[in-house]
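For reference, the chains in residue letters:
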Amino acid sequence: MSPRIPVDCVLPDPAAVHTVRSADGAELNVEEYGPEGAPLIVLAHGWTCATTFWAPVVNRLVADFRVVAYDQRGHGRSPAPADASGYGTDKLAEDLEAVLVATVPAGRRAVVAGHSMGGMTIMAAGGRPEVADRTAANVLFNTGAGDLVDELLVLPPFVRGKGLRRFLSRPVLQSRLSLGPVNGVSRAALKYATMGPATPADRVEACAQVVHACPGKVRYGWAVVLDVLDVYAGLARITAPTAVVTSSNDKLTPPVHSRRIVDALADSRGLLELAGAGHMSPIERPAEVAGEIRRIAALVADDLSAGVAISAAESSAVSSRVPSQSAVVEETA
């Protein structure tokens, strides 16, 4: 019998759900949580995940922030690309830009947090004016800027040599097969590869349900991109204050990646290592993940609040001049 997933791994009711179109027309499912007008947090999930992956973190932020989470293309409720041209780091960057333009009002900024491929998305978008204008700060969780397969620690230590590791890892990472239903074997494999040894069974189950829901062709399409990932150029162009979080038992993006990112950042705001955790820190250690987002939000509180008073005043002025929505509908009926 499968363990029940923890209550905090279920998303709260969204305040808004809408579709955002990216530069190439790709449709992205975007969900917003928390009070309108509150400081903005934008969350980008990783490979094989979805907005649901962020549930434990959203539940810890939603009382005080307007949290925006979106499904990367092909994940969750965002349709899969039609062909290989729909995959790439440029597409990740375009999608993030589209989400920020759609959800961060003019004159306001957000803390943008990304896990794994979500962190790579932020780095890929480094230097884009529309992204920079809407970003107060970043938090990068369990991610890397390149050389991902070379640094994998999933294989046993005696498998040395980068060429051999790449040869043995590729068939698994780039499999097109569906993962099928979650079972005891798949839970154990997922826990070994992506989570810390002390992770409770119910949190492993929550993670497995999200990962298994990713279609095989989407998992493969992004695995091909990650195999040759290089977003160092974008990383060097990030100017916003940026914090980095890693985990001591992360086998997919070991701490060496986080140290390289910190060294390359123009404005590093710290490197936090979660002792004992694996790659899936938002599910494994959500209190600490949310705490780091809160810490960075506090550092840029003035940027997050800038534009709120102006927007409220403008909305009030517009409301005094324009009839209500229902009145407009009646007039055009």
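Heads up: the structure comes first, above all this text.
Presented here is a report on the structure given in the accompanying data block. Keep in mind the model is a prediction, meaning the values are calculated, not measured.

**Concerning helix α2 (residues 89–103)**
Working step 1: For α2, with 15 residues, the first-to-last C-alpha span of 21 Å sits near the 21 Å given by 1.5 Å per residue.
Working step 2: Listed as buried for α2 are K91, L92, A93, E94, D95, L96, E97, A98, V99, L100 and T103.

**Some points on the pattern of salt bridges**
Working step 1: Going through the model one piece at a time under the given rule, you end up with 17 salt bridges.
Working step 2: A salt bridge links R134 to E130; the nearest nitrogen and oxygen atoms lie 2.4 Å apart.
Working step 3: Taking the relative accessible area as the measure of exposure, R134 reaches 14% and is therefore buried.
Working step 4: Here E292 makes a salt bridge to R295, at a shortest N to O gap of 2.8 Å. Linking E292 with R295, this pair stays in helix α13 (residues 286–299), spanning 3 residues, or about one helical turn.
Working step 5: We classify E292 as buried; its relative accessible area is 7%.
Working step 6: Residue R295 is classed as partly exposed on the basis of its relative accessible area of 34%.
Working step 7: Look at the salt bridges and you will find they share partners, linking D24, R73, K91, E94 and D95 into a network.

**Notes on the packing of α2 against helix α3 (residues 117–124)**
Working step 1: Where α2 contacts α3, the two axes come as close as 8 Å, and the packing angle between them is 85 degrees. In this view, α2 runs roughly perpendicular relative to α3, as classed from their interaxial angle. The residues of α3 that touch α2, namely those facing T89, L92, A93 and L96, are M117, T121, I122 and A124.
Working step 2: When grouped by side-chain class, the residues that make up the contact of α2 with α3 number 6 nonpolar, 2 polar and no charged.

**What to know about the side chain of S186**
Working step 1: Inspection of the secondary structure puts S186 in helix α7 (residues 184–194).
Working step 2: Classification of S186 as buried rests on a relative accessible area of 16%.
Working step 3: Sequence-distant contacts of S186, defined by excluding residues within four places in its chain, comprise P181 and H212.

**A closer look at the state of the cysteines**
Working step 1: Taken as a whole, this structure holds 0 disulfides when the rule is applied.
Working step 2: No disulfide involves C9; its nearest neighbouring cysteine sulfur is the one of C207, lying 9.1 Å away.
Working step 3: The exposure class assigned to C9 is buried, which follows from its relative accessible area of 4%.
Working step 4: There is no disulfide at C207, and the cysteine sulfur nearest it, in C49, is 6.0 Å away.
Working step 5: Its relative accessible area of 0% is what places C207 among the buried residues.

**Remarks on the environment of L61**
Working step 1: Residue position: L61 is located in helix α1 (residues 55–61).
Working step 2: Spatially, the C-alpha atoms of L61 and G291 are 8.9 Å apart, while their sequence positions differ by 230 residues.
Working step 3: Those residues in contact with L61 that lie beyond four places of it in its chain are I41, V67, A290, I293 and R294.

**A closer look at the packing of aromatic side chains**
Here a ring pair, both rings aromatic, is described through the centre-centre distance and the interplanar angle of the planes.
Working step 1: Throughout the structure, instances matching the rule amount to 3 aromatic pairs.
Working step 2: Ring geometry for W54 and F141: centres 6.5 Å apart, planes at 70 degrees, overall edge-to-face. Separated by 87 residues along the polypeptide, W54 in the loop between β3 (40–44) and α1 and F141 in strand β6 (residues 135–141) bring together distant segments of the chain.
Working step 3: The buried category is assigned to F141, whose relative accessible area is 0%.
Working step 4: Aromatic side chains Y87 and W222 sit 5.1 Å apart centroid to centroid with 75 degrees between the ring planes, which places their arrangement in the edge-to-face category.

The rules behind the values
- Numbering of residues starts from 1 in each chain and follows the order in which that chain's sequence is written.
- Only residues with pLDDT of at least 70 get local features here, since the model is predicted, and only at 80 or more are side-chain atom pairs given and counted; chain-wide, interface and lining totals rely on the full set of residues.
- Side-chain figures throughout are based on the complete set of non-hydrogen atoms in the structure, without hydrogens or water.
- Helix numbers and strand numbers start at the N terminus; a helix is a DSSP run of H or I with at least 4 residues, a strand a run of E with at least 2.
- Each residue after the first adds 1.5 Å to the expected span of a helix.
- A 1.4 Å probe rolled over the protein chains alone gives each residue an accessible area, and that area as a share of the maximum for its type sets the label: buried under 20%, exposed over 50%, partly exposed in between.
- In what follows, salt bridge is the name for a side-chain nitrogen of Lys or Arg lying within 4 Å of a carboxyl oxygen of Asp or Glu.
- Only the stretch in contact is used when fitting a helix axis, every axis being a line fitted to C-alpha atoms; angles between N-to-C directions are given from 0 to 180 degrees.
- Comment on the angle field: the value is read as roughly parallel under 35 degrees, roughly antiparallel over 145, roughly perpendicular from 65 to 115, and oblique elsewhere.
- Between two residues, a contact is recorded if the distance between any of their heavy atoms is within 4.5 Å.
- Residue polarity is assigned by list, with Asp, Glu, Lys and Arg as charged and Ala, Val, Leu, Ile, Met, Phe, Trp, Tyr, Cys and Pro as nonpolar; anything else, Gly included, falls into the polar class.
- Cysteine sulfurs are considered disulfide-paired once they come within 2.5 Å of each other.
- Within 6.5 Å between ring centres, the rings of Phe, Tyr and Trp (the latter by its six-membered ring) count as paired, and their orientation is classed by plane angle as stacked under 30 degrees, edge-to-face over 60, tilted in between.

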